[in-house]
Amino acid sequence: MSNKMWGGRFAAGPDAIMAEINASIGFDYRFAAQDIKGSLAHVAMLAATGIVTPETAVAISEGLNQVKGEIERGVFTFSHALEDVHMNVEARLGELIGPEAGRLHTARSRNDQVAVDFRLWIRDTIDHLDGQLRDLQKILADRAISYASNVMPGFTHLQSAQPVTFGHHLLAYVEMFGRDRSRFADSRRRLNECPLGAAALAGTSFPIDREQTARALGFDRPTANSLDSVSDRDFVLEALAAAAICATHLSRFGEEIVLWTTPQFGFVALSDAFTTGSSIMPQKRNPDAAELLRGKAGRVIGALTGLLIVMKGLPLAYSKDMQEDKEGAFDSLHTLSLCIAAMTGMAKDLRPDLKRMKAAAGVGYATATDLADWLVRALGLPFRQAHHVTGALVKIAAERNISLEKLTLEDMRAVEPGITPDVFGVLGVEKSVKSRTSFGGTAPANVRAQARRWKARLEKESHAPPGSR
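None of these values were measured; they are calculated from a predicted model. Every chain is numbered on its own, with residues counted from 1 as its sequence reads. Thresholds applied to this predicted model are a pLDDT of at least 70 for local features of residues and 80 or more for the giving and counting of side-chain atom pairs; totals over whole chains, interfaces and linings are not thresholded and use all residues. Only hydrogens and water are set aside when side-chain values are computed; all heavy atoms of the structure are taken into account.

(A) Local environment of the pattern of salt bridges. In what follows, salt bridge is the name for a side-chain nitrogen of Lys or Arg lying within 4 Å of a carboxyl oxygen of Asp or Glu. Enumeration according to the criterion identifies 25 salt bridges in this entry. Glu83 is paired through a salt bridge with Lys320; the nearest N and O atoms lie 3.6 Å apart. Here the residue Glu83 occupies a position in the loop between α4 (54–73) and α5 (85–97), and Lys320 occupies one in the loop between α11 (288–311) and α12 (326–349), the gap between them amounting to 237 residues. Taken together, the shared-partner salt bridges connect Asp130, Arg134, Arg181, Arg457 and Glu461 into one network. Secondary structure counts use DSSP, requiring at least four H or I residues in a row for a helix and at least two E residues in a row for a strand, with both numbered from the N terminus.

Structure representation (structure tokens):
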């Protein structure tokens, strides 16, 4: 029996293995809403240009809306034998309205059909992720204001470096997630061209109106080259690249939460909502949600590299290899959405131990740079000389197992005679953070001002239409 969708060219149906490897309905059913949306715009254009009659367009549109309703209610049966979502929708449309359903595919191919479906799906997904990231930023900015003055150690090489505030640390991730949103927004702008009407690869001889379908689907314009329209997936790659970077940021934050919740750090605690126990060790409270953010970042990054490998050797235009563009994208962007939700929950749930943080902030001679800066400002020493003097004083303090501020004035003058009692005004951790008033620095006043700027910006963005950032 010939395949009724492929037509008379094929005398027999495909081998079972061929049917299995060829079918995409197991994953591209996710395109159903976008596929019907694109078909409704397409048939409206066919009627407007006189390619189909108004009566046919009405029948097709009503049938498509009925199919849409069946899918939304969960009563639609997707058939593996019909290969993909497009064939499933069209076959059901034929059952509902008869042979006139076949006119829907006039002046288009599955190549431009799947390209427009995928662009619509990626666009919708970007808008969803943007909203999630914005909500995460709001929570972090709120908490940054609450902890703008609370001191914690700042690290380089995971060694105590200089004191910062917990609020300042949280704002670092607000900045990172802001850039993630910007990358998604940039990719959204570039993908917002409509490939519908490119047909298989060369365009069509029918007098279609591609501007109409582009407008109806919310695109800025039609794509300009029919070959490019159906053969490239850079819009998916860009979204996956943005997702991979975002997942990396989430993973880094997750790693810090893992460290901070250990007894050795003890900076924060998570409730039962985001931790698990051990089957054998009753005392354990494991930060599994944070750990899974690290692990799932690998899946997101893997989807990007997988699609790059699929695309790297393909000649123009369409090749069946490109069916492999979807599963990784679906999984990756769903995984990212789940990870953002988990991080949002943990950001709300974190309970910092402020006393423990403050005590740790002074460990490891974290105010040494403050001392060196004071020597430059107050005594006019070149920084390299001030660095040397400070190093010598740190060595003395370390030999005595005391902090820098516990050194006496005489101890200090033995190394640098010009030191005055004013030096003690810069050596405490709270004094250190208050002095970091340069733009972007950790001074509490800076942190509060920056967090409030972010909150105002995020509130404004929450009322803006999708894609307007």
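(B) Spotlight on the packing of aromatic side chains. Between 30 and 60 degrees the pair is tilted, below 30 it is stacked and above 60 it is edge-to-face, where a pair is any two Phe, Tyr or Trp rings, Trp via its six-membered ring, whose centres lie within 6.5 Å. Taken as a whole, this structure holds 14 aromatic pairs when the rule is applied. When the centroid spacing of 6.5 Å and the interplanar angle of 50° are considered together, the rings of Phe118 and Trp121 count as tilted. Within this pair, Phe118 and its partner Trp121 are both found in helix α6 (residues 110–146), separated by 3 residues, close to a single helical turn. Neither residue differs from the other here; Phe118 and Trp121 are each classed as buried. Using a 1.4 Å probe on the protein chains alone, a residue whose accessible area is under 20% of its type maximum counts as buried, one over 50% counts as exposed, and one in between counts as partly exposed.

(C) Spotlight on helix α10 (residues 234–260). A helix is expected to reach a length of 1.5 Å times the quantity of its residues less one. Helix length check: α10, at 27 residues, gives a terminal C-alpha distance of 39 Å against a target of 39 Å (1.5 Å per residue), a fit within 8%. Most of α10 sits inside the fold, with 19 of its 27 residues counted as buried.

(D) A look at the layout of surface pockets. The rule is simple: put a 1 Å grid over the protein atoms alone, call a set of points where a 1.4 Å probe fits but cannot get out a cavity, call an open set with protein on both sides within 12 Å along at least five of seven lines a pocket, and count a residue as lining if it has an atom within 4 Å of a point. Grid points are joined across faces, edges and corners, and a volume is the space filled by probe spheres set on the points. In this structure, the largest pocket encloses a volume near 560 Å³. Sorting the residues of the lining of the largest pocket by element identifies β1 (151–156), β2 (159–165), α7 (166–191) and α10 as the ones contributing at least two each. All residues other than Ala, Val, Leu, Ile, Met, Phe, Trp, Tyr, Cys, Pro, Asp, Glu, Lys and Arg, Gly among them, are scored as polar; the first ten of these are nonpolar and the last four charged. When its residues are assigned to classes, the lining of the largest pocket shows 12 nonpolar, 6 polar and 4 charged. Every residue lining the second largest pocket is counted, 20 residues in all, and those nearest its centre are Glu83, Asp84, Arg110, Asn111 and Lys320. At the level of secondary structure, the elements contributing two or more residues to the lining of the second largest pocket comprise α5 and α6. Examining the composition of the lining of the second largest pocket, we find that 4 residues originate from one element, α6, more than from any other. For the lining of the second largest pocket, the residue count by class is 4 nonpolar, 8 polar and 8 charged.

(E) Molecular detail of a nonpolar patch on the surface. Like charges within 9 Å and nonpolar side chains (Val, Leu, Ile, Met, Phe, Trp, Tyr) within 5 Å are joined into patches, using only residues over 30% in relative accessible area that form no salt bridge. Values of accessible area rely on a 1.4 Å probe in the Shrake-Rupley scheme; residue burial ignores everything except the protein chains shown. A cluster of nonpolar side chains, namely Leu201, Leu227 and Leu316, defines an oily patch on the protein surface of about 270 Å² accessible area. Residue placement: Leu316 occurs in the loop between α11 and α12.

(F) Quick look at helix α3 (residues 32–48). With 17 residues, α3 should reach 24 Å at 1.5 Å per residue; the first-to-last C-alpha distance of 24 Å fits that figure. All of the buried residues along α3 are Ala32, Gln34, Asp35, Ile36, Gly38, Ser39, Ala41, His42, Val43, Met45 and Leu46. In what follows, residue pairs with any heavy atoms lying within 4.5 Å of each other are defined as contacts. Buried residues along α3 sit in contact with α2 (25–28), α4, α5, α6 and α8 (210–216). Backbone geometry just after α3 places Gly50 at a positive phi near 80°.

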